[in-house]
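Residue-level structure breakdown
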Amino acid sequence: MIEISLGTATRRLTTFRHVAHVTFTSSLSVGGCAVTLSAHRKSASNGLHWSPSRATGSVGPFLYTVYVHWSLLVLLLILQIIKESQQQHGLRHGDYQRYRGYCSRRLRRLRKTLGFRMGNRHKFIGKKITVEMLSDSRYLLLVLMEAERAWSYAMQLKQEANTEPRKRFHLLARLRKAAKHSEKLEKLCESPRVDAKTKLEAQAYTAYLTGMVEFELQEWKLAMEAFNKCKTIYEKLASAFTEELAVLYRQRVDEISPNIRYCAYNIGDQNAINDLMQMRLTGGGGGMMAEKLEALITQARTKQAATMSEVEWRGRSVPVKIDKARIFLLGLADNEAAIAQTANEETKEHLYETLLAECRDTIQAVREELKSEAKQRERSSDADSSKVSNLQFLHSYLTYIKLCTLVKRNESMAHTLQAKLKEPEADENKRGPRPQDLIRLYDIILQSLAELATLQGLEDDHTFQKEVSLKTLVYKAYRCFFIAQSYVLVKKWSEALVLYERVLKYAKEVQSKAKSLNNTLKDLPDVQELIAEVNAEKYSLQAAAILVFENKLSYLCLYTFFTSSSFMQPLCKRLETFRLDPALVGKQPNLVQFPPDFQPIPCKPLFFDLALNHVAFPPLDDKVEQKGKGGLTGYIKGIFGFGS
C-alpha cells in the first residue's frame, strides 16, 4: 500500500508489483475541494516529494507520480447555513440573545480548530483573514459568523428599544458592524479560489444587511436599491438550482418584498399601500417589517380621522371626539373586509387578535373620558342622570363591536374544529379534536351574548333584545348538539337521545321566532342543516343502541349456555343428548371426569359398650383366698416356700 496525503486529506492506493506499467486514479477532498489523484508506475526511486500539483514516490522497485487537479473551488452555502442555525438556536421563537450566544460559541470553536486565535488571555493580537488562507471554507464561515453575531445583537437591541429608546444608537452601531463584516466576506469571495455561487450569495447577503442599515436610518432610496439588488440575486439563484435550495431563496425574497414596498411608499409611490395591505392579509412582512406596517396603517387612518365627526348606530348619531376612537372606527370596515377575504386560518386568527387588541385599547381610552364626565356630572346638580350620555352610548357601541368580534372569532374556530372532527384520525397516538372542545367555544359565545343583552342604553331596544335572544337560542342548540355527541362517544344512548330532542326544540323555536325578524339569521349558522343532522344522528343512535342491546343479550345467552351444568358435564354423562361440541375433537376433549369424585359407601359399624359403667357385678369375696397373718415364721416359710 502507498499512502498519499495532501493537507488533511488522505488516500491509500494499492500497488501492483508484478505489472510493468499501471496507472491509479482516485479522488479525495482537500479543504472542501475535490481533488483527482493519478499514480503511474515508472522506475525505482527513493522518497516521496510533494509539490502543489504533483507528487512522486516509490514502494519497492516502483515509482509513482501523483498529479493533483483542482476540479471544484471553495464552496459555502451562506443562506442555507444561516437559516439552519437560526431555526435551531432560538429564532424559531424570536430569541435573538440565544442565537447571539450560539454565534459566539461557534466562532470560538472555529478559531480553535483552525489555530486562528487572537493572541492569548493576557494579550490581544489581531489577525486578518487573507485570500491565501482560502484553501479551507471555514475561514469564510468565520467571517460569516461574525456578521451574524453582530446582526443578532442588533435585533436583540431592537426588541429592548421599545422600552429603552437610548438603545437605538447601539442598535445602529451593531447593524453597521454586521454590514462591515459582510463586505469583508464579499471581498474575500472575489478570489478565484471561490466558486461563482458563493460569490453571488455573498453579494446578496451584503446587500441585505446594507439595506437593513439604510432602512433603520430611514434612507428609503438607498435601502430600496440594496433590497432590490438582494431580491434580484436570490431570484436568479432560485431559478438555477435544486428545489430544496430554491425554497430558501424564495423565502428570503418574500421577506424582502414588504420592505421594498414600504420604501416605495415612503419615497412617494401611493400604489404601494395597497400591496402592503394585501401582504398583511397573506401574513407577509414579519419581524421588524410588521411593526412598520402597523405604524403605516395607523398613520394613514390618522389622516382620514380628521374628517370623521360622528357615527350612527341603532338609530342614534353619536359624536366621536376621541382620536383613538376615530382611528379605530375608520379602520373597522377594512379589518372586517380583510378577515372576510383571508382563507388562511392562522392569518385570520392573527387579524382577529389585532382587531380585539385595538378595540380594547379604544374602550380603555373611552373609559378614561367617562371618568372625567362622571366627575363633571357630580358637580352639576341640574344634569339628567337617567339619560344615557353620548360618551356612554359610544362605550356601549365599542363594547358591542368587541363582543361581536369575539363571537365571530369563536365561531370561526368552531367551524375549523368541526371540519377536523369529521376527518379520520391519521395518528392514533396523537390527540385529535373532541366535541368537548367545541362545547367550551360555544360556552364563551353564550357568555358574550349574555353581556350583549346588558349593554347600557339598549335595555329598552326590544328589537335588539329579540335579536340577542334569537342568537342565544341558535348557539344553545349547537352547544346542546355537541354535548349529545360527547355522550354518544361514551355510549350513553338515553342521555344523548334526550339532548337531541332538546336541540330540535331549540331549532324549531328559532324558526318560529325568526319569521318576525327579517335578515337576522343571515350571519348565523344554518338551523335547518342542524335539524337534518340531528335527525340523522338520532336514527344512527337508535340503531347503535339496538345493536348494543342485542349484542348484550346474545352475550348473556351464550354465557348462560356455556356456564350451564348440562354443557359442563362430560360426554359420558350426556350421551342421551345430541349437541355439536367442537371441544370433543380438540386436544382436551371432555369425555370423562378424572379423577372421579368421591362417593359414599357403607362401612363396618363400630360398637361402643356404654352399659359397662352402669352394671352392678355380684360380690366374689367368698371365692377369693384370704391370706393369714403368720409373723416372722410365716415370712421365713414364705421365703423358702414351705408355706405354699
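Residues numbered from 1 in each chain as written. Predicted model: local features only at pLDDT ≥ 70, side-chain atom pairs only at ≥ 80, totals over all residues. Heavy atoms only, no water.

1. Considering the pairing of strand β9 (residues 316-319)
Bridge count between strand β8 (residues 310-313) and β9: four bridges; the pairing is antiparallel. Its bridge partner lying in β9, Glu312 is registered against Ser317. Here β8 folds back onto β9 in antiparallel fashion, the turn holding two residues, of which Arg314 has a positive phi close to 55 degrees. (Pairing = 2+ DSSP bridges. Helix = DSSP H or I, 4+ residues; strand = E, 2+ residues; numbered from the N terminus.)

2. A closer look at the packing of helix α1 (residues 78-88) against helix α7 (residues 243-267)
The N-to-C vectors of α1 and α7 enclose an angle of 75 degrees; their axes lie 10 Å apart at closest approach. By the angle between their axes, α1 is roughly perpendicular relative to α7. Along the contact surface, α1 presents Leu79, Gln80, Ile82 and Lys83, while α7 presents Leu245, Leu248, Tyr249, Arg252 and Glu255. Residue composition of the contact of α1 with α7, by class: five nonpolar, one polar and three charged. (Axes fitted to C-alpha atoms, helices over the stretch in contact; angles between N-to-C directions. Parallel < 35°, antiparallel > 145°, perpendicular 65-115°, else oblique. Contact = heavy atoms within 4.5 Å. Nonpolar A, V, L, I, M, F, W, Y, C, P; charged D, E, K, R; others polar.)

3. Quick notes on the environment of Leu446
The residue Leu446 is located in helix α13 (residues 435-452) in this model. Along the sequence, Leu446 and Tyr475 sit 29 residues apart, while their C-alpha atoms lie 6.9 Å from each other.

4. Focus on unusual backbone geometry
Residue Pro595 is bonded to the preceding Phe594 through a cis peptide linkage, with omega at -5 degrees. Mapped onto the fold, Pro595 is located in the loop between α17 (565-568) and α18 (631-640). Here the phi dihedral of Gln218 falls at roughly 60 degrees; this positive angle occurs in a residue that is not glycine. With respect to the helices and strands, Gln218 occurs in the loop between α5 (196-216) and α6 (220-240). With relative accessibility at 47%, the residue Gln218 sits in the partly exposed group. A positive phi is found at Lys491, a non-glycine position, where the angle reads about 65 degrees. Here Lys491 shows up in the loop between α14 (462-489) and α15 (493-514). (Buried < 20%, exposed > 50% of the residue type's maximum accessible area, 1.4 Å probe, protein only.)

5. Structural notes on the nonpolar core
Counting 70 residues, the largest nonpolar core has Leu329 and Leu394 as its most contacted members. Those elements that place two or more of their residues in this core are β8, α10 (323-341), α11 (345-379), α12 (390-422), α13, α14, α15 and α16 (527-562). Each residue touching Leu394, except ones within four places of it in the same chain, is listed here: Val311, Val318, Val320, Leu329 and Val366. Ile81, Ala179, Ala238 and Cys263 belong to the second-largest nonpolar core, a separate cluster that totals 66 residues. (Core = buried A, V, L, I, M, F, W, Y, C linked by side-chain atoms within 4.5 Å.)

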